[in-house]
Amino acid sequence: MRRILLFTAYFILLIPTITSSQSYSGKEIIEKVNELLNPEASYGKASMTILTTSGDVRTFIYEQWSKGKGEKNLVRYIKPVRVKDQAILMLNNADDIWSYFPRTRRIRKLATHAKKQKMQGSDFSYEDMGSGDTFLDDYSAKRLEDEVKQGYECYKVELNRNVDSDASYSRIVIWIIKENFYPICLNYYHENDETFLEKVLVQSEIRIIDGIPTAMKSVMNNKKDNTRTQIELINIKYNIDLKDDLFTERSLKK
Amino acid sequence: MKNPGILVIAFFVCLSAQSFALESIDIYGYFESQYMGTRLNNRFHQLYSNKLRIDLTSAISEKIDFGANFNYITYHGKTNWNILEFLSNKIATGISPENQVLYTIPFNDRNYLDNCYIRFALPFSDLTIGKQQISLGTGYVWNPTDVYNIKDVFDPTYEQPGHNSIRYDIYIPGGISVTTVYSPEESWKMSTKLFNLKFRLSHFDFHISAIESNWNFHDYEQRTPESRFFEGVDECRRLIGLSTAGEIFGLGTWVELAQNYMEKSQNFHEIVCGFDYTFDFQTYIMMEYYRNSLAKNDYQDYTLTDWIRLYTSEQKAISKDQLYMMIQHPITDLIDFGVSQIISLSDASIAFVPTLNYSMAQDVDVLFYFNINIGKSGTAYAHESGNGGLARVKLYF
């Protein structure tokens with residue numbers, strides 16, 4: 001099963017389309033979203049701020065490179081010093097994951113269950129950080145009645161987890177801007193209780209970068225733990241030329 | 001100046017001052033304050049340490065980078081630990097009082113250059129020269145193919161020291177790499193030579209290793225009357241190893257095997273296999289099995305030499321079959337709680353190690369762990385080994 005992890009959700013490719021919007025089925029809308037979420041190549045630098053239950057704030061800055069419509073991903077932390085140069089390499093749509101710990105100079109091959117772990121204690125699991133093919137492979141899409149969300153005319157699509165899937169949420173409801181198929185809000189429901197709203201992701205400050213609409217700010221509100229994580233893009237480039245040898249264990253250590 | 005460590009720190013401070021003008025030099029590190037206490041023979045002993053580590057990295061050019069770190073550690077409290085106090089009466093009795101000092105491990109203040117290397121990025125290869133960390137194997141607690149390091153079973157993720165080596169890594173497209181390491185000692189024969197081939201099959205990484213090194217074994221019950229030192233035997237150790245890591249039925253899976261061919265003593269093998277899994281509710285579990293055929297099956301056969309070799313890291317284990325189990329869960333967004341169990345299957349002894357990690361601030365971590373040994377007298381994790389714990393505050397800068 002192909003799954004695309006990580007930050008591609010935030011480095012979005014959009015082929016602007018003007019469509020006769022009413023004719024799309026839920027599946028077709030999700031296919032278009034899925035296409036957006038997987039740029040051919042991208043580089044980004046982002047800051048992730050975690051507001052903890054105790055009110056403390058933790059801020060991480062990282063760089064991310066992606067190629068092959070999310071098939072290859074490399075993430076490297078820059079700050080804080082505690083995690084400086086820690087890196088994660090994901091190949092084959094995150095079916096192969098390696099992590100690098102500079103303190104021990106050790107590269108560890110991880111199993112795909114590692115995607116369920118929280119990213120540096122944030123409200124994003126590695127699985128949350130991307131959507132990509134998981135929306136298509138792990139869920140069945142049903143179009144609901146259109147709504148206005150954050151001032152945008154939106155499609156509203158409900159994704160229900162397939163019986164044979166081990167995805168972490170029983171249900172996801174997504175609001176997608178009609179104009180550009182950009183997913184602006186996602187409600188994630190608990191894995192064992194499809195009525196329990198566990199997390200809400202809100203994406204805002206949408207700008208056109210290299211011709212592609214991009215959310216400069218994404219906020220994940222964790223209703224269960226009463227915490228919040230915000231990701232802000234510092235820099236983003238699309239459709240750049242990235243060499244394949246960037247996505248190797250050798251470059252993990254750089 | 002008496003202490004060369006002060007000079008080295010002064011050097012780094014001067015360098016850091018200059019580095020404002022040299023953007024390519026990066027200086028960082030950590031301060032670690034640690035308290036360790038243990039209850040032993042109805043007495044409570046305490047050891048404190050303070051460690052300052054300064055890391056220096058510099059990308060001299062796109063193709064050349066340099067890395068180094070300097071460590072300064074001070075110890076306070078009970079700075080001399082007699083290994084005999086940790087052993088059963090059966091083993092410890094018979095050592096004359098004047099010889100007891102020979103079994104003492106001192107914790108002296110020290111400063112040292114742990115790593116200092118230069119790395120050249122060549123076409124499809126890297127050449128690294130100098131003192132550098134070398135980590136081998138896929139095991140979490142035990143690494144049969146690692147002839148350089150022996151991890152602390154109570155604290156297996158702590159950083160390992162650097163080793164003076166020349167390392168050459170060749171990278172071949174398709175996830176294949178070849179690593180050769182030469183760690184020079186006083187002669188070619190006594191130097192460590194390592195060859196490692198890494199390749200990928202399906203979703204598994206495989207490593208095949210061939211290593212030749214010198215192994216200095218001591219007999220801690222034999223010494224010449226006029227000498228303060230125990231008799232050591234240098235012998236050539238040749239190791240053929242295989243390790244792999246991947247995923248089976250959703251479980252992270254790893255295996256590490258090593259067959260050791262010894263020049264003088266008996267050949268032996270080591271086996272590690274383990275798995276791990278993360279549940280949706282964030283709980284992480286891990287289990288690792290370890291066999292060392294050099295170790296013993298029956299705790300009645302453990303000798304004083306076996307114990308001292310274990311405590312001085314000459315040997316990885318005293319009991320043949322062991323199991324490490326860990327469960328960890330983030331109880332809040334800043335606190336992880338876990339419990340590890342180290343079980344000697346050979347002598348039915350167990351050590352429990354509850355751990356708590358607290359992210360106190362952005363760059364400050366606090367770790368607490370306790371070790372509770374509940375095995376019967378004379379076993380690998382016997383109650384007389386002492387029950388205690390450790391608190392460690394680490395501030396990164």
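Definitions and cut-offs
Residues numbered from 1 in each chain as written. Chains lettered and ligands numbered in written order. Predicted model: local features only at pLDDT ≥ 70, side-chain atom pairs only at ≥ 80, totals over all residues. Contact = placed C-beta atoms within 7 Å. Helix = DSSP H or I, 4+ residues; strand = E, 2+ residues; numbered from the N terminus. Nonpolar A, V, L, I, M, F, W, Y, C, P; charged D, E, K, R; others polar. Pairing = 2+ DSSP bridges. Core = buried A, V, L, I, M, F, W, Y, C linked by C-beta atoms within 7 Å. Buried ≥ 20, exposed ≤ 12 C-beta atoms within 10 Å, placed from the backbone. pLDDT = per-residue confidence, 0-100.

Quick look at the interface of chain A and chain B
With 33 residues of chain A at the contact, the number on the chain B side is 28 residues. Contributions of two or more residues to the side of chain A that touches chain B are made by strand S2 (57-67) and strand S6 (106-110) of chain A. Examining the composition of the side of chain A that touches chain B, we find that three residues originate from one element, S6(A), more than from any other. Tallied by class, residues from the side of chain A that touches chain B come to six nonpolar, twelve polar and 15 charged.

Some thoughts on the pairing of strand S15 (residues 284-292) of chain B
All names here are of chain B. Inspection of the sheet shows strand S14 (residues 268-278) paired to S15 by nine bridges, in the antiparallel sense. Note on S15: the bridge partner recorded for Val272 is Tyr290. In this structure, the hairpin formed by S14 and S15 is closed by a connection of five residues, where Gln282 is found at a positive phi of approximately 80 degrees. When S15 meets strand S16 (residues 321-330), the two strands line up antiparallel, connected through eight bridges. From the neighbouring strand, Tyr290 faces S16, where its bridge partner is Gln322.

Some points on the nonpolar core
Core analysis: the largest hydrophobic core is formed by 57 residues, its most contacted members being Val33(A), Val157(A), Ile172(A) and Ile176(A). In terms of residues, this core owes the most to one element, strand S10 (residues 182-189) of chain A, which gives six residues. Ignoring sequence-local partners within four residues, the contact set of Val157(A) consists of Gly26(A), Ile29(A), Ile30(A), Ala141(A), Lys142(A), Arg143(A), Leu144(A), Ile174(A) and Ile176(A). Counting 29 residues, the second-largest nonpolar core is a separate cluster that includes Ile91(B), Tyr290(B), Ile308(B) and Tyr324(B).

With respect to the confidence of the model for chain B
Across chain B, the average pLDDT comes to 90, with 93% of residues at 70 or higher. Overall fold confidence for the complex sits at a pTM of 0.86, while the interface term, ipTM, reaches 0.85.

What to know about the environment of Ile172(A)
Residues and elements named next belong to chain A. As for its placement among the helices and strands, Ile172 is situated in strand S9 (residues 171-177). For Ile172, a count of 24 C-beta atoms within 10 Å translates into the label buried. For the pair Ile172 and Glu232, spaced 60 residues apart in sequence, the C-alpha separation works out to 23 Å. Setting aside residues no more than four positions away along its own chain, Ile172 makes contact with Tyr139, Leu159, Leu186, Asn187, Tyr188 and Tyr189.

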